[in-house]
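Examination of the molecular architecture
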Amino acid sequence: MGDILARETPIDEMIECALEELLSGSNEQRRSLVRRMCLRWPSEPALSIIFSLTSAASIIEDNLSQNDEDEKESVAAMTYRLAAVLAADVYAIDCMRRELPLARDLLHFWRRVDKFFVGI
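Values in this document were obtained by computation on a predicted structure and should not be read as measured data. (Residues numbered from 1 in each chain as written. Predicted model: local features only at pLDDT ≥ 70, side-chain atom pairs only at ≥ 80, totals over all residues. Heavy atoms only, no water.)

**Comments concerning the pattern of salt bridges**
- In this structure the tally under the stated criterion is 4 salt bridges.
- A salt bridge links glutamate 21 to arginine 36; the nearest nitrogen and oxygen atoms lie 3.1 Å apart. Pair noted here: glutamate 21 is in helix α2 (residues 11-22) and arginine 36 is in helix α3 (residues 27-40), with a separation of 15 residues, a long-range link.
- Given a relative accessible area of 12%, glutamate 21 falls into the buried group. (Salt bridge = Lys/Arg side-chain N within 4 Å of Asp/Glu carboxyl O. Helix = DSSP H or I, 4+ residues; strand = E, 2+ residues; numbered from the N terminus. Buried < 20%, exposed > 50% of the residue type's maximum accessible area, 1.4 Å probe, protein only.)

**Section: the packing of α2 against helix α4 (residues 46-63)**
- Packing of α2 against α4 leaves a shortest axis separation of 8 Å and a crossing angle of 55 degrees. The angle between α2 and α4 places the two elements in the oblique class. Read as a crossing pair, α2 and α4 show a hand that is right-handed. In this structure, α2 contributes Ile11, Met14, Ile15, Ala18, Leu19 and Leu22 to the contact, and α4 contributes Ser48, Ile49, Phe51, Ser52, Leu53, Ser55, Ala56, Ile59 and Ile60.
- In terms of residue class, the contact of α2 with α4 is made up of 12 nonpolar, 3 polar and no charged. (Axes fitted to C-alpha atoms, helices over the stretch in contact; angles between N-to-C directions. Parallel < 35°, antiparallel > 145°, perpendicular 65-115°, else oblique. Left-handed = near helix turned anticlockwise from the far one by under 90°. Contact = heavy atoms within 4.5 Å. Nonpolar A, V, L, I, M, F, W, Y, C, P; charged D, E, K, R; others polar.)

**Digging into a negative patch on the surface**
- On the surface, Glu61, Asp62, Asp70 and Glu73 cluster together to form a negatively charged patch.
- Residue position: glutamate 61 is located in helix α4. (Patch = residues over 30% accessible without salt bridge, like charges linked within 9 Å, V, L, I, M, F, W, Y side chains within 5 Å. Areas by Shrake-Rupley, 256 points an atom, 1.4 Å probe, with all protein chains shown as cover. Lys, Arg positive; Asp, Glu negative; His and termini not counted. Charge placed at Lys NZ, Arg CZ, Asp CG, Glu CD.)

**Observations concerning the packing of aromatic side chains**
- Counted under the stated rule, the structure contains 1 aromatic pair.
- Seen in terms of ring centroids, tryptophan 110 and phenylalanine 117 are 4.8 Å apart; in terms of plane orientation they differ by 40 degrees. Their pairing is tilted.
- Taking relative accessible area as the criterion, phenylalanine 117 reaches 0% and is therefore assigned buried. (Phe/Tyr/Trp six-rings, centres within 6.5 Å; stacked < 30°, edge-to-face > 60°.)

**A closer look at helix α5 (residues 69-97)**
- End to end, α5 covers 42 Å across 29 residues, agreeing with the expected 42 Å (1.5 Å per residue, within 8%).
- Along α5, the positions that sit buried rather than exposed are Lys72, Val75, Ala76, Met78, Thr79, Leu82, Ala83, Leu86, Asp89, Val90, Ile93 and Asp94.
- The inward-facing, buried residues of α5 abut α2, α3, α4 and α6 (103-112). (Expected span 1.5 Å × (residues − 1).)

**Regarding unusual backbone geometry**
- One non-glycine residue, arginine 98, lies in positive phi territory at about 65 degrees.
- Tracing the sequence through the fold places arginine 98 in the loop between α5 and α6.

Right under this line is the structure:
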């Protein structure tokens, strides 16, 4: 168990990246976030990207002021939806290969099977 906890991952950097993009005000940046994260961290487990998106959405929900309530709900909801679609892709790859995919596996999967994240 100690080895699992000791493993260093760029998860904090991934969450920070997601927050910056999600709070940028640019819908184009928000929509392409997942693909760009996979390109930036191709050797990381795909589940790390799901975790970072979910964490970023939670942080947004908890920290944006009441004045930004509409944007907060909109951005958080979109981020949770992206994480859910991404989780479905991870599950599909897992079913085909019987191993959890890395981010680079998602890029390959999207080019061949599911164009959702490639087209945005």
